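Now for the letters of each chain:
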Amino acid sequence: MEKMQNERKKQNELFLIIKVLFAMYIVTGIILLVLTLLLYKMDLGENVINIGVILAYVFSGFMGGFIIGKVKKSRKFIWGMLIGGLYFLILMAASLVFNKGLGNDMTHFFSTLVLCIASGMAGGMLRS
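If you're wondering where the values come from, they're calculated on a predicted model, not measured in any experiment.

Description of the overall build of the protein
Now for step 1: From N to C terminus, the protein includes 4 helices and 0 strands.
Now for step 2: Put simply, the protein runs from its N terminus to its C terminus through helices and strands in the order α-α-α-α.
Now for step 3: Along the longest, intermediate and shortest principal axes, the C-alpha atoms of the protein span 60 × 35 × 25 Å.
Now for step 4: In the protein, buried positions account for 27% of the 128 residues.
Now for step 5: Excluding contacts between residues fewer than 6 apart, the proportion of contacts in the protein whose partners are at least 24 apart in sequence is 79%.
Now for step 6: Only carbon and sulfur atoms are counted for the fraction: they give 69% of the accessible area of the protein, which is about 9,000 Å².
Now for step 7: Taking the average location of the 13 positive side-chain charges in the protein and that of its 6 negative ones, the two points are 13 Å from each other.

What to know about the nonpolar core
Now for step 1: Formed by 16 residues in total, the largest nonpolar core has its most connected members in Met 24, Ile 68, Ile 83 and Tyr 87.
Now for step 2: At the level of secondary structure, the elements contributing two or more residues to this core comprise α1 (2–42), α2 (46–72), α3 (76–99) and α4 (106–125).
Now for step 3: Per element, the largest residue contribution to this core is 6 residues, and it comes from α1.
Now for step 4: Setting aside its immediate chain neighbours within four residues, Tyr 87 contacts Leu 21, Met 24, Tyr 25, Thr 28, Ala 56, Tyr 57, Ser 60 and Cys 116.

Some remarks on the packing of aromatic side chains
Now for step 1: Evaluation of the coordinates by the stated rule reveals 4 aromatic pairs.
Now for step 2: Taken together, a centroid distance of 5.3 Å and an interplanar angle of 70° make the contact between Phe 88 and Phe 109 edge-to-face. Separated by 21 residues along the polypeptide, Phe 88 in helix α3 and Phe 109 in helix α4 bring together distant segments of the chain. Pair check on accessibility: Phe 88 and Phe 109 agree, each one buried.
Now for step 3: Taken together, a centroid distance of 5.1 Å and an interplanar angle of 85° make the contact between Phe 109 and Phe 110 edge-to-face.
Now for step 4: Relative accessible area serves as the criterion here: at 17%, Phe 109 is assigned to the buried category.
Now for step 5: An aromatic cluster is built from Tyr 25, Tyr 57 and Tyr 87, whose rings are joined through pairwise contacts.

Topic: the packing of α2 against α4
Now for step 1: As a packed pair, α2 and α4 sit with axes 6 Å apart at the nearest point and diverge in direction by 35°. Considering how the two elements wind past one another, α2 and α4 form a crossing that is right-handed. Facing α2, whose interface residues are Ile 54, Tyr 57, Val 58, Gly 61, Phe 62, Gly 65, Phe 66 and Gly 69, α4 presents Thr 112, Leu 115, Cys 116, Ser 119, Gly 120, Ala 122, Gly 123 and Gly 124.
Now for step 2: Each residue belonging to the contact of α2 with α4 can be placed in one class, and the counts come to 8 nonpolar, 8 polar and no charged.

With respect to α3
Now for step 1: The terminal C-alpha atoms of α3, which comprises 24 residues, lie 34 Å apart, in line with the 34 Å expected from a rise of 1.5 Å per residue.
Now for step 2: A positive backbone phi angle near 55° is found at Lys 100, which sits one or two residues after α3.

Some remarks on the environment of Thr 36
Now for step 1: Structurally, the position occupied by Thr 36 is in helix α1.
Now for step 2: Between the alpha carbons of Thr 36 and Met 121 there is a distance of 28 Å; along the sequence they are 85 residues apart.

What counts as what
Residues numbered from 1 in each chain as written. Predicted model: local features only at pLDDT ≥ 70, side-chain atom pairs only at ≥ 80, totals over all residues. Heavy atoms only, no water. Helix = DSSP H or I, 4+ residues; strand = E, 2+ residues; numbered from the N terminus. Buried < 20%, exposed > 50% of the residue type's maximum accessible area, 1.4 Å probe, protein only. Contact = heavy atoms within 4.5 Å. Areas by Shrake-Rupley, 256 points an atom, 1.4 Å probe, with all protein chains shown as cover. Lys, Arg positive; Asp, Glu negative; His and termini not counted. Charge placed at Lys NZ, Arg CZ, Asp CG, Glu CD. Core = buried A, V, L, I, M, F, W, Y, C linked by side-chain atoms within 4.5 Å. Phe/Tyr/Trp six-rings, centres within 6.5 Å; stacked < 30°, edge-to-face > 60°. Axes fitted to C-alpha atoms, helices over the stretch in contact; angles between N-to-C directions. Left-handed = near helix turned anticlockwise from the far one by under 90°. Nonpolar A, V, L, I, M, F, W, Y, C, P; charged D, E, K, R; others polar. Expected span 1.5 Å × (residues − 1).

What follows is the structure in structure tokens.
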């Protein structure tokens, strides 16, 4: 009986992680869509778009960390770091698939990793 309860608890945690990641990517998609519309209407520069993409990652990570921290209630910063790291891993996997590699800019790679993990952690640590 206890084994079934532990298995169900693990399944619930996995489902929670998947739901939070899905919400994070929906938020990211909405922000990127708004950036696309702004680029089309206002002819924004590349620097503005790059900053907007970074802010999308940070906001999504923060939001994901906040949601999972609110649900888990203990070790919230670790859960936030986990969700931020998973978010980054999916971004990296998509980059590998669509760009056929990571590219030569490892500074961008590591800064994105740090931003995703740190924003998830910050969201998880937020008291509510």
